[in-house]
Amino acid sequence: MNRSDRKITVEDLLRIKRAERPPPEFWSRFESEIRAKQLAAIVVRRPWWDGASRVFAVVYRNRLPFGATAALALAWAGVHYEGGLSLTGHAVPVGTAGPTAAARAPVPRVQVASASVLLSAKVEIGAPDRAPPPQALVVSNASHLTKAPVASQTESASRTPFVDGIEIALVDFRATGPDLAKGGVFGSDREFEASVASVHQPAAEPLTQMDPAGERLERLLAPALPTYSSSGARAFASDRLKQKASYDRMYESMDRYGAGGMSLEFRF
Amino acid sequence: MNASKAIEKTLVASPERKLEADADLAVVRRVQAGDVAAFDRLIGKYRERVLGIIYNMTSNREDAADLAQDAFIKAFQSIHRFQGQSSFFTWLYRIAVNSTLSHLRKNRLRSFSSLESIGEDDPVSRELVDALTDKTGAGREAFVRELQEKLNDAMLKLSINHRTVVTLFEIDGLSHQEIAEVMDCSVGTVRSRLHYAKQLLQAELQPYLRR
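Residues numbered from 1 in each chain as written. Chains lettered and ligands numbered in written order. Predicted model: local features only at pLDDT ≥ 70, side-chain atom pairs only at ≥ 80, totals over all residues. Heavy atoms only, no water.

Throughout the structure, instances matching the rule amount to 12 salt bridges over all chains. Residues Glu20(A) and Lys17(A) are paired through a salt bridge, measuring 3.9 Å at the closest nitrogen-oxygen approach. Summarising the burial analysis for this pair, Glu20(A) and Lys17(A) share the class buried. For Lys198(B), the salt bridge identified is with Glu170(B), shortest N-O distance 3.1 Å. Taken as a pair, Lys198(B) in helix 10 (residues 187–204) and Glu170(B) in helix 8 (residues 160–171) lie far apart in primary sequence, 28 residues in all. Since its relative accessible area comes to 6%, Glu170(B) is described here as buried. The network of salt bridges with shared partners includes Glu31(A), Arg35(A), Asp40(B) and Arg47(B). (Salt bridge = Lys/Arg side-chain N within 4 Å of Asp/Glu carboxyl O. Buried < 20%, exposed > 50% of the residue type's maximum accessible area, 1.4 Å probe, protein only. Helix = DSSP H or I, 4+ residues; strand = E, 2+ residues; numbered from the N terminus.)

What follows is the structure in structure tokens.
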């Protein structure tokens, strides 16, 4: 072809670009690279927060079972903790060590501030070789700052900061609260027995505790009869009243009496 | 309107595209079902077309290769979101074009071109080279290489929009209307941009033009 006869435009030149082709070996490299990228895309490593967010998502999705399990675990831990102290306190009876050991270890229970300390005292009594010094059990209510270390000495291995915290709170309460509350709520076992005994006493008949009828009537009518200075006149009025009103009627009509100052009025 | 949507409309219109889209959709369903190896068929089928689009927009074969791979990986990663409402090729084309435009906007100041060799089996390009030079052997290859560099330099002097218009119209063969839909502009704007781009190219390639 004669090169001078051919008309060449920009469009013709741009068509050359269509013919630009990569060499055949390019495609093998292209395929290997794209396969590596494809594998990297499949097994992409997730960031740590993605795993954490998935854990939170699982927890959130099963929040009810997780919450119930946590509550049960806490309850079990609390019960187990309480039971451990109780078993420790009652595991060794007082009398197992024999009378001589019991005699060597006097029972210091008078000034004990809390039940846990008393339990530990029982343990110490049961084990005569490890009998604590008496001053360690005489715990004062004055300050928990001096009592807490003493308690931790008596209960060596089983004591925890949680126990100390409870005891401190109890001592604070006993130090600041009224005596009735101390004895009734957080008192020692002897105080508790006393309070329980008072509660379990048979209820007395209220009428039996009342004064005899004559004395009661005299006591009630004494302010109303100021003019009768002699005992004879007072006895006469009392007899008249006894005749007019029976005990039951008088007992039922007690609200009909109006007490005004030192006088007693009768309204018939 | 999104440029990729316009491309999708243009390419799915023909019946051949419809059949091709149905065949691709079957393969895509297999990939979505877990047959990862089936995606290799899609890569082998469309790799040259995707690479050609990106290469003519970037004039850099390394960038074009990376962008084409990224386009395929993006398509693979989000193939579970492909619903089949458009053809797979237009979906892949949209990913490739958007990635290329983003890459070109990020690397405006970088103008490094690396060219592919011109295939001698293409009769149109061989005839054109024959019309441009009487040289043979090494001289012919050097002339063709120089012409390629001049073409790419001229393309790189165009703005991104003008380069895209020229690429889509002169190299990919889209119509003015299709380009207008692709670039989300009017047909007049496309013609104006194309006219302006050709003027610039004519000024740059004046030694090779013959009237």
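Residues and elements named next belong to chain B. One way to put it is that helix 6 (residues 123–132) packs onto helix 7 (residues 138–157) with a least axis distance of 11 Å and a crossing angle of 105°. Between helix 6 and helix 7, the angle falls in the class roughly perpendicular. Contacts between helix 6 and helix 7 involve Arg126, Val129, Asp130 and Leu132 from the former and Arg140, Phe143, Val144 and Leu147 from the latter. A per-class count over the contact of helix 6 with helix 7 returns 5 nonpolar, no polar and 3 charged. (Axes fitted to C-alpha atoms, helices over the stretch in contact; angles between N-to-C directions. Parallel < 35°, antiparallel > 145°, perpendicular 65-115°, else oblique. Contact = heavy atoms within 4.5 Å. Nonpolar A, V, L, I, M, F, W, Y, C, P; charged D, E, K, R; others polar.)

Looking now at the packing of aromatic side chains. All chains considered together, the criterion is met by 10 aromatic pairs over all chains. Between Phe82(B) and Trp91(B) the ring centres are 5.0 Å apart and the planes differ by 45°, which places this aromatic pair in the tilted class. Trp91(B) sits in the buried class, given a relative accessible area of 11%. Consider the rings of Phe88(B) and Trp91(B), whose centres lie 5.8 Å apart with planes at 50°: the pair is tilted. Of this pair, Phe88(B) and Trp91(B) both sit in helix 5 (residues 88–106), 3 residues apart, which is roughly one turn of the helix. Of the two residues, Phe88(B) and Trp91(B), neither departs from the other in class, the shared state being buried. Arg63(A) extends its terminal NZ or CZ atom over the ring of Tyr60(A), reaching a point 4.5 Å from the ring centre. (Phe/Tyr/Trp six-rings, centres within 6.5 Å; stacked < 30°, edge-to-face > 60°. Lys NZ or Arg CZ within 6 Å of the ring centre and 35° of its normal.)

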